[in-house]
Amino acid sequence: MVGAIAVAGMGVGFPIGVGLALVVGVIWNYIVNPQGNPYLLFAGVALVVAAIIVDAVAYRALAASKSVAGDEADIAARKASTWKGIKLAIIGGVLMGTFYPLVEIGKKGESGLGPYAVGFVFSLGVLISVFFFNLYFMRYPIEGSRLTFRDYLKGSAWVHLLGIIGGMIWIVGSLSNFVAASAPKALQVGPAISYAIGQGSTMVGALWGVLAWKEFAGGGVRVNRLLFFMFMFYLIGLVLVSIAPLYAIN
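Rules and cut-offs
Residues numbered from 1 in each chain as written. Predicted model: local features only at pLDDT ≥ 70, side-chain atom pairs only at ≥ 80, totals over all residues. Heavy atoms only, no water. Phe/Tyr/Trp six-rings, centres within 6.5 Å; stacked < 30°, edge-to-face > 60°. Helix = DSSP H or I, 4+ residues; strand = E, 2+ residues; numbered from the N terminus. Buried < 20%, exposed > 50% of the residue type's maximum accessible area, 1.4 Å probe, protein only. Contact = heavy atoms within 4.5 Å. Arc of directions from axis to C-beta. 1 Å grid on protein atoms, 1.4 Å probe; cavity = no way out; pocket = protein on both sides within 12 Å on 5 of 7 lines; lining within 4 Å. Points joined across faces, edges and corners; volume = space filled by probe spheres on them. Nonpolar A, V, L, I, M, F, W, Y, C, P; charged D, E, K, R; others polar. Core = buried A, V, L, I, M, F, W, Y, C linked by side-chain atoms within 4.5 Å. Salt bridge = Lys/Arg side-chain N within 4 Å of Asp/Glu carboxyl O. Axes fitted to C-alpha atoms, helices over the stretch in contact; angles between N-to-C directions. Parallel < 35°, antiparallel > 145°, perpendicular 65-115°, else oblique. Left-handed = near helix turned anticlockwise from the far one by under 90°. Patch = residues over 30% accessible without salt bridge, like charges linked within 9 Å, V, L, I, M, F, W, Y side chains within 5 Å. Areas by Shrake-Rupley, 256 points an atom, 1.4 Å probe, with all protein chains shown as cover.

(A) The arrangement of the packing of aromatic side chains in detail. For the coordinates displayed, the defined rule picks out 14 aromatic pairs. A ring pair is formed by Tyr 100 and Phe 178, whose centres lie 6.0 Å apart and whose planes are at 50 degrees; its orientation type is tilted. Note that Tyr 100 is positioned in helix 5 (residues 99–106) and Phe 178 in helix 8 (residues 157–181), a separation of 78 residues in sequence. Note on Tyr 100: relative accessible area 2%, which makes it buried. Judged by relative accessible area, which is 3%, Phe 178 ranks as buried. An aromatic cluster is defined as three or more aromatic residues linked by ring pairs; in this entry it consists of Phe 132, Phe 133, Tyr 136, Phe 137 and Tyr 140.

(B) Quick peek at the side chain of Thr 202. Relative to the assigned elements, Thr 202 resides in helix 10 (residues 201–212). Overall, Thr 202 belongs to the buried group, its relative accessible area being 1%. Excluding residues that lie within four positions of it along the chain, Thr 202 makes contacts with Phe 14, Pro 15, Val 18, Gly 19 and Tyr 234.

(C) Fine view of helix 5. Considered for burial, the residues of helix 5 that qualify are Tyr 100, Pro 101, Val 103 and Glu 104. Buried residues of helix 5, seen end-on, are gathered within an arc of 155 degrees and therefore sit on one face of the element.

(D) Region of the structure containing the layout of surface pockets. Approximately 210 Å³ is the volume attributed to the second largest pocket. Every residue lining the second largest pocket is listed: Val 7, Ala 8, Tyr 59, Leu 62, Ala 63, Lys 66, Ala 77, Arg 78, Ser 81, Thr 82 and Glu 215. If you list the elements that add at least two residues to the lining of the second largest pocket, you get helix 1 (2–8), helix 3 (38–67) and helix 4 (72–97). Broken down by class, the residue content of the lining of the second largest pocket amounts to 6 nonpolar, 2 polar and 3 charged.

(E) Inspection of the nonpolar core at higher detail. Residues Ile 16, Leu 22, Leu 41, Phe 216, Leu 227 and Tyr 234 are the most contacted members of the largest nonpolar core, which totals 37 residues. Element by element, the count of residues in this core is highest for helix 3, at 11 residues. Counting 5 residues, the second-largest nonpolar core is a separate cluster that includes Tyr 100, Val 103, Val 118 and Phe 178.

(F) Layout of the pattern of salt bridges. Applying the stated rule across the entire model yields 2 salt bridges. The partner of Lys 107 in a salt bridge is Glu 104, with the nearest N and O atoms 3.3 Å apart. Note on accessibility: Lys 107 and Glu 104 belong to one class, buried. With its nearest N and O atoms 3.8 Å apart, the salt bridge here joins Asp 151 to Lys 154. Asp 151 gets classed as partly exposed once you look at its relative accessible area, which sits at 28%.

(G) A look at the side chain of Lys 107. Relative to the elements of secondary structure, Lys 107 occurs in the loop between helix 5 and helix 6 (115–139). You can call Lys 107 buried: its relative accessible area is 17%. Those residues within four positions of Lys 107 in sequence are excluded, and the remaining contacts are Gly 112, Leu 113, Val 118, Ala 181 and Ser 182.

(H) Quick look at the packing of helix 2 (residues 10–32) against helix 11 (residues 220–243). Where helix 2 contacts helix 11, the two axes come as close as 13 Å, and the packing angle between them is 25 degrees. The angle between helix 2 and helix 11 places the two elements in the roughly parallel class. Relative to helix 11, helix 2 is oriented so that their crossing is left-handed. Note on element contacts: helix 11 touches helix 2 through Met 230, Tyr 234 and Leu 238, opposite Pro 15, Val 18, Gly 19 and Leu 22.

(I) Spatial organisation of a nonpolar patch on the surface. A grouping of Leu 113, Phe 120, Val 121, Leu 124, Leu 127, Ile 128, Val 130 and Phe 131 is seen on the molecular surface, where their side chains present a nonpolar patch of about 760 Å² in accessible area. Classification of Val 121 by relative accessible area gives partly exposed; the value is 45%.

Put into structure tokens, the structure is as follows:
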């Protein structure tokens with residue numbers, strides 16, 4: 001996911017990657033623990049899929065518009081970069097979508113984990129795996145030149161502090177999600193809906209990419225129109241998923 005954002009920007013990495021994660025997670029979560037109105041739930045998922053497709057089309061249209069005046073080598077490089085960003089987002093989305101259903105399975109049974117135990121195991125997994133992933137991607141980066149651990153130490157205290165704060169925000173949000181999904185049955189909205197609402201971060205990330213970082217600037221009327229439909233599809237899809245527990249079919 002981070003690689004997709006590095007290559008293609010937040011306006012692509014979030015809608016395609018996290019959007020696909022939402023689709024995978026909602027469907028699998030519903031199979032594991034069905035709650036809410038399936039018609040509203042899967043209608044929302046269908047709209048999210050439409051938003052993902054529209055966003056990918058907008059990204060390709062943007063790349064094509066920037067390649068019109070370039071030479072053949074530049075056009076080929078832009079096409080390769082476009083597909084690389086989309087493929088990374090898809091891979092990240094599928095992997096991310098399998099996370100929450102596995103958590104739900106791990107909570108089942110007498111020996112199942114509670115929300116705080118899940119948060120601890122999750123944090124432990126991040127701590128252990130970060131050494132492998134960091135060293136691998138420093139040597140074989142998705143974008144840019146190779147780095148060494150010495151390069152990591154060259155970062156300013158402020159940059160490292162931002163990374164730590166980002167991790168704290170992430171685990172607080174994740175733990176809150178785990179607790180909400182583990183509430184008493186009468187208060188639950190279900191893991192599928194809980195997961196989907198949490199993926200509203202996609203809208204925030206996409207808005208940052210489009211409005212703050214101007215990642216789709218210069219794309220023209222067609223690209224802007226596609227982005228509008230992408231946001232509308234995603235927003236309506238999230239609304240349908242969010243109200244699904246209010247109209248549960250007994």
